[in-house]
Amino acid sequence: MNAVERNLLSQEAGLQMKALDRINRWKMAALFVSAVGVALVYAGFAGLQKNFFIGIPGILLIFAGFVSAAVFNLGLKNGRRNVEKMLNILDGER
């Protein structure tokens with residue numbers, strides 16, 4: 001591997017690490033949406049007056065946030081593995 005290829009691979013690894021940070025922020029946002037859903041479910045079903053118009057969207061938010069966070073987590077896991085492979089290639093070539 002020549003110096004140009006090493007430089008390009010190093011830049012790509014850096015860009016992917018930035019993307020992984022961004023995906024991690026999206027995962028945290030999805031978990032926040034899920035927490036808002038829990039609050040809505042509690043507000044809708046735990047009071048003296050049951051308000052299903054608040055509780056049902058809360059359940060949907062919990063589900064959507066959880067599924068989104070799971071997908072983002074899978075992307076993070078695969079992306080970290082990919083960056084690790086790139087860094088191993090760079091370390092092995094020295």
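Whatever comes next refers back to the structure up there.
Only a predicted model underlies this, so the values are computations on that prediction, with no experimental measurement involved.

Asker: Describe the packing of aromatic side chains, naming the residues involved and giving the relevant values.
Answerer: Enumeration over the complete set of coordinates arrives at two aromatic pairs. With a centroid separation of 6.4 Å and 45 degrees between ring planes, the pair formed by Trp26 and Phe72 is classed as tilted. Taken together, the residues Trp26 in helix α1 (residues 3-45) and Phe72 in helix α2 (residues 52-92) connect sequence positions 46 residues apart. Here Trp26 falls in the exposed class, since its relative accessible area comes to 53%.

Asker: Please give an account of the packing of α1 against α2 that cites residues and values.
Answerer: For any two helices packed against each other, the geometry comes down to the angle between their axes and how far apart the axes lie. Between α1 and α2, whose axes approach to 7 Å, the crossing angle comes to 165 degrees. By the angle class used here, α1 and α2 are roughly antiparallel. Every pair of crossing elements has a handedness; the one defined by α1 and α2 is left-handed.

Asker: An account of a nonpolar patch on the surface is requested, with residue identities and associated values reported.
Answerer: Together, Phe52, Ile56, Ile59 and Leu60 make up a nonpolar patch on the protein surface, roughly 400 Å² of accessible area in all. Tracing the sequence through the fold places Ile56 in helix α2. The exposure class assigned to Ile56 is partly exposed, which follows from its relative accessible area of 44%.

Asker: An account of α2 is needed here, citing residue identities and associated values.
Answerer: Look at α2: 60 Å from first C-alpha to last across 41 residues, which is about the 60 Å you get at 1.5 Å a residue. The complete set of buried residues in α2 reads Gly55, Gly58, Gly65, Ala69, Leu76, Gly79, Val83, Met86 and Leu90. Contacts from the buried residues of α2 go to α1. The backbone nitrogen of Phe53 lies 3.2 Å from a side-chain oxygen of the residue at the head of α2, namely Asn51.

Asker: Before we move on, could you go through the environment of Lys18 and cite the residues and values that matter?
Answerer: Along the chain, Lys18 falls in helix α1. Classification of Lys18 by relative accessible area gives exposed; the value is 54%. Remark: the alpha-carbon pair of Lys18 and Gly47, spanning 29 residues in sequence, is separated by 44 Å.

Asker: Outline α1, supporting the account with residue identities and numerical values.
Answerer: Taking 1.5 Å per residue as the helical rise, α1 with its 43 residues ought to reach 63 Å, and the 63 Å between its terminal C-alpha atoms agrees with that figure. For α1, the complete set of buried residues consists of Leu9, Ala13, Gln16, Leu20, Lys27, Ala30, Ser34, Gly37, Val41 and Gly44. The elements touched by buried residues of α1 are α2. Of the residues flanking the start of α1, the one acting as N-cap is Asn2, its side-chain oxygen 3.3 Å from the backbone nitrogen of Val4.

Calculation criteria
- Residues numbered from 1 in each chain as written.
- Predicted model: local features only at pLDDT ≥ 70, side-chain atom pairs only at ≥ 80, totals over all residues.
- Heavy atoms only, no water.
- Phe/Tyr/Trp six-rings, centres within 6.5 Å; stacked < 30°, edge-to-face > 60°.
- Helix = DSSP H or I, 4+ residues; strand = E, 2+ residues; numbered from the N terminus.
- Buried < 20%, exposed > 50% of the residue type's maximum accessible area, 1.4 Å probe, protein only.
- Axes fitted to C-alpha atoms, helices over the stretch in contact; angles between N-to-C directions.
- Parallel < 35°, antiparallel > 145°, perpendicular 65-115°, else oblique.
- Left-handed = near helix turned anticlockwise from the far one by under 90°.
- Patch = residues over 30% accessible without salt bridge, like charges linked within 9 Å, V, L, I, M, F, W, Y side chains within 5 Å.
- Areas by Shrake-Rupley, 256 points an atom, 1.4 Å probe, with all protein chains shown as cover.
- Salt bridge = Lys/Arg side-chain N within 4 Å of Asp/Glu carboxyl O.
- Expected span 1.5 Å × (residues − 1).
- Contact = heavy atoms within 4.5 Å.
- Polar contact = N/O pair within 3.5 Å; in protein donor to acceptor, adjacent residues only side chain to side chain.

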